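Residue strings, one per chain:
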Amino acid sequence: PLKSDERAVSTCLDTPNWRDKDGYGCDHYEDFYEAGCSGTEKWAGNIGPAAENCCYCGGGSHAMFPAISTSSICTEDTDGWFDQYGYDCVWYKVMDGPGCPNYGNQTAHNSSIVEGSANQNCCYCQIDVTNDVSPTVVAAPSSSEMCADTPGWRDTDGDGCETYLEFDDPGCPLEGNNYAGEMGSAAENCCYCKDPTCEDWSTTCQNYTTPLSWLTLSSGEAPALKAHAISVCNKAASSCCEADHVEIVRNTQLQGRTEETVGLYNECKCDFWSSLCEDSRQIGACDYAAEYCCGDYRYEYDAGFETFNFLNSPQCYCDFYNYAENELGYSLKPRALNINEEFTNPCGPFKIHWSSTYSERESLEAIYNATNGHNWTNNDGWRNETLGHCQWYGISCNADSLVTDIDLRDNNLAGRFPVYTRYVNSNGNPVLVNEWQQSKYGLANLYKLQTLNLAENKLTGMIEYRPLYNLRDLSYLDVSGNQLSGVLDAQVAPSLKYADFSNNGFTSMRRFVQYKVSSLQSLRFCDVSNNAIQEDAADILEDIPPNIEQFLASNNQIYGRLPASLDNLPKLRQLNMASNALSGDLPGFIESFVT
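Given the structure is predicted, the values throughout are model-derived calculations rather than measurements.

### Here's the deal with the overall build of the chain
Point 1. Within the chain, the regular secondary structure consists of 15 helices and 21 strands.
Point 2. Across the chain, the fraction of contacts at a sequence separation of at least 24, relative to all contacts at a separation of at least 6, is 62%.
Point 3. Total accessible area on the chain is roughly 28800 Å²; 46% of this is exposed by carbon and sulfur atoms.

Okay, structure coming up:
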């Protein structure tokens, strides 16, 4: 216990340069929220929410120092002191330990009105840590992981780093090296100017797109402004997402040439560009969204004829094509290949010459092998060379022997969700083929599949949704009661009406997207209950399909407020979001809402 004339000293420091996703710092939360900042988690920045980074909200860096004598407590830093490099006492709290063992002897700047070292002028540097006991520090990123603006820096006009954050682009290409003050330029002293973050780029991208009506710009200013906006948003996507490794394969022939992308699909950039495409309606964003969401394609020029082949997901490109044309009056362009052409219509009939009795059987065998088929509860007929695959347990076909229904519910299937498997060579190694038609798919190759019931099994891992979107006829999907995890995507197929993902381990749910025009109109029933989904309710329900009749999401970790009204869902009969972390008022229910 402390003696009567001694006490422990606790200090709290806001995380330097923390910003939420809208660019606001801790001062904003002190001005507009009550202490604790309840309900602000949805505005978290790249290093977390205000509750973890701002002292006012209960976060920041908390250090408890051992007992020191009250007679020697320093109560106030020396006003006006800064060291020879222009740093004041705040810098030492961030960059040094208690007592300032590393930098405390730094002397005053020659223009400082106060002489002496940091040890003599900063309370933090006068802390006497006795018995060689180090303070316990929690919830603060280390100084090596962050950039701190130079404390007290001003340019020749008296403006600080916050001015450049407001009026220049990330990296400060316009004014970063101009108006240098006594301690140098903004490019040397401001993190935004020398090490812009994902949030910096994203905020600037949003500023260039959201407020603008691109259709009202003059013919002279529109091209330059659009080009700059796309450039900034490209940097935002690159800053916020892991680097991709897209290759362009070119082949020149006697009468023409081919150009093909490899590795174009990028889920993070898909989310970034599709949100921008829908929210800002900036047409160039939709080009990038289509490519990163739908994947690789090939351009062929032969004797004056030009064609595009959509190698990974023709149906995805089809939906994007229709969305851009119908909603924006715009035709998609191939950005990755930088060809001055428009995409040809990808919505024609698929060239499914590979859909044959042989390929259907091969695909079913791939499912059997991937899910431990020899240990299924019932595998009657499977792998029997004397029986057609339509006679195997759980399989139904149409008149052409193409699989239409799979019902393997509660049949002890185990392993990864069997979307597809690649061809293997003689050594048993997978052959990586870019073109989806040349891969031996499991479920994703059953192009006439209408119903799929794999509920109450032991399937694990994440689902790769993109190949499944080529299943144009799939209307019923039940994967409930498994051990699936990761992201849940209820728009898994363009004609899906019934989707049951309940009783799994999904931790997030992909927002409903407008560009998937087909599935946005078709979905009627969606059950995502009894998972571990951590999402804002407003994000989940923002663009929920307008024809939805039942949406069940109970027993998750969904937080935030429900929308004020559900009038945009005239067919909704049941909404169950019990046992979550919702707050606020209930929405106004329309007359047609039954339960």
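### Thoughts on the sheet that holds strand β16 (residues 505-509)
Point 1. The sheet built from four strands is open, its strands ordered β10-β12-β14-β16 with parallel pairing. On the outer flanks of this sheet lie β10 (414-416) and β16, each paired with one strand and no other. Ignoring strand direction, the axes of neighbouring strands in this sheet form an average angle of 25°.

### Things to note about empty space enclosed by the protein
A probe matching the size of a water molecule, rolled over the atoms, marks out where space remains unfilled.
Point 1. This structure, assessed with the given rule, holds one cavity of 30 Å³ or more.
Point 2. If you trace the largest cavity, you find it lined by L541, I544, I548, F551, L566, L569, L572 and L575.
Point 3. Residue classes in the lining of the largest cavity are distributed as eight nonpolar, no polar and no charged.

### Points about the pattern of salt bridges
Point 1. Counted according to the given criterion, the structure contains 15 salt bridges.
Point 2. The residue R510 makes a salt bridge to E267 at a minimum N-O spacing of 2.7 Å. Here R510, found in the loop between β16 and α14 (517-522), pairs with E267, found in helix α10 (residues 267-280); they are 243 residues apart in sequence, far enough to count as distant.
Point 3. The shortest N-O distance in the salt bridge between R573 and E549 comes to 3.8 Å. With a gap of 24 residues between them, R573 in the loop between β19 (559-561) and β20 (574-576) and E549 in the loop between α15 (537-541) and β18 (550-552) connect regions that are remote in the sequence.
Point 4. Residue classification places R573 among the partly exposed positions, given a relative accessible area of 38%.
Point 5. Via salt bridges that share partners, E267, D489, R510 and K516 belong to a single interconnected network.

### Focus: the sheet that holds strand β17 (residues 525-527)
Point 1. As summarised here, the arrangement of the eight strands in space is β8-β9-β11-β13-β15-β17-β18-β20, forming an open sheet in which the pairing is mixed. Both edges of this open sheet fall to β8 (395-397) and β20, since each of them pairs with a single strand only. Neighbour-to-neighbour, the strand axes of this sheet turn through a mean angle of 10°, independent of strand direction.
Point 2. Inspection of the sheet shows strand β15 (residues 498-500) paired to β17 by three bridges, in the parallel sense. When the sheet's bridge partners are listed, Y498 is paired in β17 with F525.

### Some points on the state of the cysteines
Point 1. One pass over the structure, following the stated rule, counts 13 disulfides.
Point 2. Disulfide pairing places C205 opposite C233 at an S-S distance of 2.0 Å. Across the S-S bond linking C205 and C233, the dihedral sits near 95°, which makes this disulfide right-handed. Of this pair, C205 sits in helix α8 (residues 198-209) while C233 is found in helix α9 (residues 222-240), placing the two residues 28 residues apart along the sequence. Comparing C205 with C233, the two get one shared label, buried.

### Remarks on the pairing of strand β7 (residues 305-310)
Point 1. The sheet contact formed by strand β6 (residues 297-302) and β7 spans six bridges and is antiparallel. Residue pairing across strands places R298 opposite N309, the latter belonging to β7.
Point 2. What sits between the antiparallel neighbours β6 and β7 is a turn of two residues, in which A303 has the positive phi angle 50°.

### What to know about the nonpolar core
Point 1. I406, F417 and F551 are the most contacted members of the largest nonpolar core, which totals 56 residues.
Point 2. Of all the elements in the fold, those that place two or more residues in this core are α13 (357-370), β9 (403-407), β14 (483-488), β16 and α15.
Point 3. When neighbours within four sequence positions are excluded, F417 is seen to be in contact with L443, L452, L454, L459, T460, I463, L468, V479 and L484.
Point 4. Ranked by size, the runner-up nonpolar core spans 42 residues in total, among them A237, C293, F310 and Y323.

### Considerations on the layout of surface pockets
Point 1. Of the pockets and cavities examined, the largest pocket occupies roughly 1600 Å³.
Point 2. As for the largest pocket, its lining consists of 38 residues, and the residues nearest its centre are K21, D271, S275, R511 and D539.
Point 3. Of all the secondary-structure elements, those providing two or more residues to the lining of the largest pocket are α8, α10, β16 and α15.
Point 4. Broken down by element, the lining of the largest pocket gets its largest block of residues, eight residues, from α10.

### Some words on helix α11 (residues 283-294)
Point 1. With twelve residues, α11 extends 17 Å from end C-alpha to end C-alpha; this agrees with the ideal 16 Å at 1.5 Å per step.
Point 2. The buried fraction of α11 is high, at eleven of twelve residues.
Point 3. The set of residues buried in α11 consists of G284, A285, C286, D287, Y288, A289, A290, E291, Y292, C293 and C294.
Point 4. Where α11 terminates, the next one or two residues include G295, which has phi positive at roughly 95°.

### Looking at the side chain of S502
Point 1. Tracing the sequence through the fold places S502 in the loop between β15 and β16.
Point 2. Residue S502 is classed as buried on the basis of its relative accessible area, which comes to 4%.
Point 3. With near-sequence residues (within four places) excluded, S502 lies in contact with S480, G481, D527, V528, S529 and N531.

### A word on unusual backbone geometry
Point 1. In the Ramachandran plot, N412 falls in the positive-phi region, its phi being about 65° despite a non-glycine side chain.
Point 2. Residue placement: N412 occurs in the loop between β9 and β10.

### Quick notes on the confidence of the model for the chain
Point 1. On average, the chain scores 78 in pLDDT, and the residues at 70 or more come to 80%.
Point 2. Taken together, the stretch residues 62-72 has pLDDT below 50 and engages in 41 contacts with residues farther than four places along the chain or on a different chain.
Point 3. Below pLDDT 50 for its whole length, residues 430-438 participates in 30 contacts with residues either more than four positions away or in separate chains.

Reading the values: the criteria
- Within each chain, residue numbers correspond to sequence positions counted from 1 in written order.
- Side-chain atom pairs in this predicted model are given and counted only at pLDDT of 80 or more, local residue features only at pLDDT of at least 70, and totals for whole chains, interfaces and linings cover all residues.
- Values reported for side chains reflect all heavy atoms of the structure, with hydrogen atoms and water molecules removed beforehand.
- Each helix is a run of H or I in the DSSP string that is no shorter than four residues. Each strand is a run of E no shorter than two, and both are numbered from the N terminus.
- Two residues form a contact once any of their heavy atoms are found within 4.5 Å.
- Only the protein chains shown count as cover for residues, and the accessible areas themselves come from Shrake-Rupley with a 1.4 Å probe.
- We treat two strands as partners when DSSP finds at least two bridges between them.
- Note on method: axes are straight lines fitted to C-alpha atoms, helices fitted across the in-contact stretch only, with angles between N-to-C directions ranging 0 to 180 degrees.
- Both site types are read off a 1 Å grid over the protein atoms alone. A 1.4 Å probe that fits but cannot get out defines a cavity, while an open set with protein on both sides within 12 Å along at least five of seven lines defines a pocket; lining residues have an atom within 4 Å of a point.
- Grid points are joined across faces, edges and corners, and a volume is the space filled by probe spheres set on the points.
- Basically, the charged four are Asp, Glu, Lys and Arg, the nonpolar ten are Ala, Val, Leu, Ile, Met, Phe, Trp, Tyr, Cys and Pro, and anything else, Gly included, counts as polar.
- When a carboxyl oxygen of Asp or Glu lies within 4 Å of a side-chain nitrogen of Lys or Arg, that pair is called a salt bridge.
- We call a residue buried when its accessible area falls under 20% of the maximum for its residue type, exposed when it is over 50%, and partly exposed in between, using a 1.4 Å probe and counting protein chains only.
- A pair of cysteine sulfur atoms is labelled a disulfide when the two atoms are within 2.5 Å.
- Joining through side-chain atoms within 4.5 Å is the link that ties buried Ala, Val, Leu, Ile, Met, Phe, Trp, Tyr and Cys residues into a set, and such a set is a nonpolar core.
- In this analysis, the expected span of each helix is defined as 1.5 Å times one less than the number of residues it contains.
- Residue-level confidence of the predictor is summarised by pLDDT, bounded by 0 at the bottom and 100 at the top.

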